[in-house]
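Below, each chain spelled out in residue letters.
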Amino acid sequence: MAFEGLAERLQGSIKKMRGKGKVAEQDVKEMMREVRLALLEADVNFKVVKKFVSDVKERAVGQDILDSLTPGQQVIKIVNEELTKLMGGEQSKIATAQKPPTVVMMVGLQGAGKTTTTGKLALHLRKKHNRSPLMVAADIYRPAAIKQLETLGKQLDMPVFSLGDQVSPVEIAKQAIAKAKEEHHDYVIIDTAGRLHVDENLMGELDEIKEVVSPDEILLVVDAMTGQDAVNVAQNFNERLGITGVVLTKLDGDTRGGAAISVKAVTNTPIKFAGMGEKSDALEPFHPERMASRILG
Ligand code: GDP
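Residues numbered from 1 in each chain as written. Predicted model: local features only at pLDDT ≥ 70, side-chain atom pairs only at ≥ 80, totals over all residues. Heavy atoms only, no water.

The name given to the chain in an unreviewed UniProt entry is Signal recognition particle protein, with the source organism recorded as Salipaludibacillus neizhouensis. Per UniProt, the comment on the chain under Catalytic activity (unreviewed entry) is "GTP + H2O = GDP + phosphate + H(+)". Quoted verbatim from the Subunit (unreviewed entry) field of the UniProt record, the comment on the chain reads "Part of the signal recognition particle protein translocation system, which is composed of SRP and FtsY." (UniProt positions renumbered as here; feature names shortened; annotations may be inferred.)

Below is the structure:
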């Protein structure tokens with residue numbers, strides 16, 4: 001289960017704090033030492049950990065807390081609030097263009113779950129927001145990607161725009177948007193090509209597509225299981241391309257949690273959705289507060 005180690009350790013140190021009628025500065029320090037270790041073990045970026053611990057300490061050793069009737073509870077509340085803040089605070093929703101269609105570019109490395117998430121997002125938009133999305137097969141390099149999206153389209157009864165793998169992704173994207181306008185689709189979700197690593201060719205191509213389609217949303221799909229690597233990928237994509245949100249996939253696995261906690265703080269880009277399984281309905285809007293409560297128990 002995701003966050004298992006982190007949750008166990010944090011809940012352990014919280015338990016010690018919970019019953020305390022009186023909290024000394026020393027108690028807060030001790031608790032934060034444990035919290036710090038727990039976060040580092042969960043693969044949270046060390047700068048993020050440092051700032052988090054210092055923010056909590058600053059608030060927790062304030063007179064108000066130490067003098068309050070339930071100081072233990074107060075400290076726990078601060079940890080919860082700061083953890084929520086770290087993960088973005090308010091839930092960050094997917095964009096809607098003033099004038100349809102809303103154009104969403106899905107980007108990311110191969111294997112992160114981009115194509116799967118394209119289908120999931122289309123289904124989410126139809127089911128939860130009553131929208132009519134058009135999925136676009138613009139990953140012409142991974143041999144099976146187009147087929148995979150077409151199969152998903154059939155399963156979900158969702159239209160897929162494809163021109164095969166001999167037309168440039170830019171041209172595919174351009175024609176897809178024209179088609180969406182013609183057929184009154186209110187979302188266009190473009191499944192772009194991934195690579196094994198961030199490289200110049202990929203970024204150049206994504207940049208070109210971005211120029212042509214002026215996306216309302218560029219969603220980076222990253223695999224939560226890869227921990228700080230996912231955060232580095234997010235930073236790279238953000239610096240080079242500019243992203244508007246992150247989809248963190250495979251949160252149903254036993255990820256330690258570092259990516260979920262660090263992405264927003266490192267890249268200043270919110271996590272908008274979490275992938276919770278392989279099936280098309282396994283996509284959830286990312287709620288920082290619920291996630292924090294889940295981690296803290
Ligand atoms: P792409 O190369 O980025 O397009 O990756 P795919 O969409 O083909 O996904 C790669 C693998 O990850 C597939 O086996 C998916 O079923 C799997 N996958 C994607 N998202 C999730 C998720 O949220 N949870 C789990 N458990 N598997 C996922």
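Undergrad: How would you explain the side chain of E205 if you had to name every residue and give the values?
TA: With respect to the helices and strands, E205 occurs in helix 9 (residues 200–213). The buried charged residue E205 lacks any salt bridge, with R195 as its nearest oppositely charged partner at 4.4 Å. Among the polar contacts listed, one links the side chain of E205 to the side chain of Y141, at a separation of 2.8 Å. Ignoring sequence-local partners within four residues, the contact set of E205 consists of Y141, P169, A193 and R195. (Helix = DSSP H or I, 4+ residues; strand = E, 2+ residues; numbered from the N terminus. Buried < 20%, exposed > 50% of the residue type's maximum accessible area, 1.4 Å probe, protein only. Lys, Arg positive; Asp, Glu negative; His and termini not counted. Salt bridge = Lys/Arg side-chain N within 4 Å of Asp/Glu carboxyl O. Polar contact = N/O pair within 3.5 Å; in protein donor to acceptor, adjacent residues only side chain to side chain. Contact = heavy atoms within 4.5 Å.)

Undergrad: Which residues make up the pairing of strand 1 (residues 102–108), and what values do they have?
TA: Of all 7 residues that make up strand 1, 7 are buried, and the element is covered over most of its length. Residue alternation in strand 1 divides its side chains into two sets, T102, V104, M106 and G108 and V103, M105 and V107, and both sets are buried. Of the pairings in the sheet, the one linking strand 1 to strand 4 (residues 187–191) comprises 5 bridges and is parallel in character. For V104, the partnering residue across the bridge sits in strand 4 and is I189. (Pairing = 2+ DSSP bridges.)

Undergrad: A description of helix 7 (residues 145–156) should follow, citing residues and the corresponding values.
TA: With 12 residues, helix 7 ought to run about 16 Å at 1.5 Å a step, and its terminal C-alpha atoms sit 16 Å apart, in line with that. Burial in helix 7 covers these residues: A145, I146, L149, L152, G153 and L156. One side of helix 7 holds all its buried residues, which, seen down the axis, span an arc of 125 degrees. Exposed side of helix 7, more than 90 degrees from the buried face: K147, K154 and Q155 are the residues found there. As for helix 7, its buried residues are in contact with helix 6 (114–129), strand 2 (133–137), strand 3 (160–161) and strand 4. Positive backbone phi, at 55 degrees, marks D157, one or two positions downstream of helix 7. (Expected span 1.5 Å × (residues − 1). Arc of directions from axis to C-beta.)

Undergrad: How would you summarise the sheet that holds strand 6 (residues 245–249) if you had to cite specific residues and measurements?
TA: Spatial ordering of the open sheet is given by 3-2-4-1-5-6-7-8, a layout of 8 strands whose pairing is mixed. The sheet is open, and its two borders are formed by strand 3 and strand 8 (283–285), each paired with just one other strand. Strands in contact with helix 6 are strand 1, strand 2, strand 4, strand 5 (217–223), strand 6, strand 7 (271–275) and strand 8; relative to strand 4, the strand with the most contacts, it is inclined by about 170 degrees. Where helix 8 (residues 169–182) meets the sheet, it contacts strand 1, strand 2, strand 3 and strand 4, and its direction lies at approximately 160 degrees from that of strand 2. (Axes fitted to C-alpha atoms, helices over the stretch in contact; angles between N-to-C directions.)

Undergrad: Summarise the UniProt feature "domain: SRP54-type proteins GTP-binding" (unreviewed entry) in the chain; cite the residues concerned and give the values.
TA: The UniProt record marks residues 270–283 with the feature "domain: SRP54-type proteins GTP-binding" (unreviewed entry), using the residue numbering of this structure. What you have in residues 270–283 is 0% helix and 43% strand, and the ends, taken at the C-alpha atoms, are 16 Å apart.

Undergrad: I'd like a rundown of helix 6, residues and numbers included.
TA: The end-to-end C-alpha distance of helix 6 is 21 Å, a good match for the 22 Å that 16 residues give at a rise of 1.5 Å each. Listed as buried for helix 6 are K114, T115, T117, T118, G119, K120, L121, A122, L123, H124 and L125. Following helix 6 by one or two positions, N130 adopts a phi angle in the positive range, close to 60 degrees.

Undergrad: So what's going on with the environment of T102? Residues and values would help.
TA: For T102, the position within the fold is in strand 1. On the basis of relative accessible area, T102 is assigned to the buried category, the value being 1%. Each C-alpha atom of the pair T102 and D186 lies 6.0 Å from the other, and the pair is 84 residues apart in sequence. With sequence-adjacent residues up to four places away left out, T102 is seen in contact with A95, T96, A97, D186, Y187, V188 and D216.

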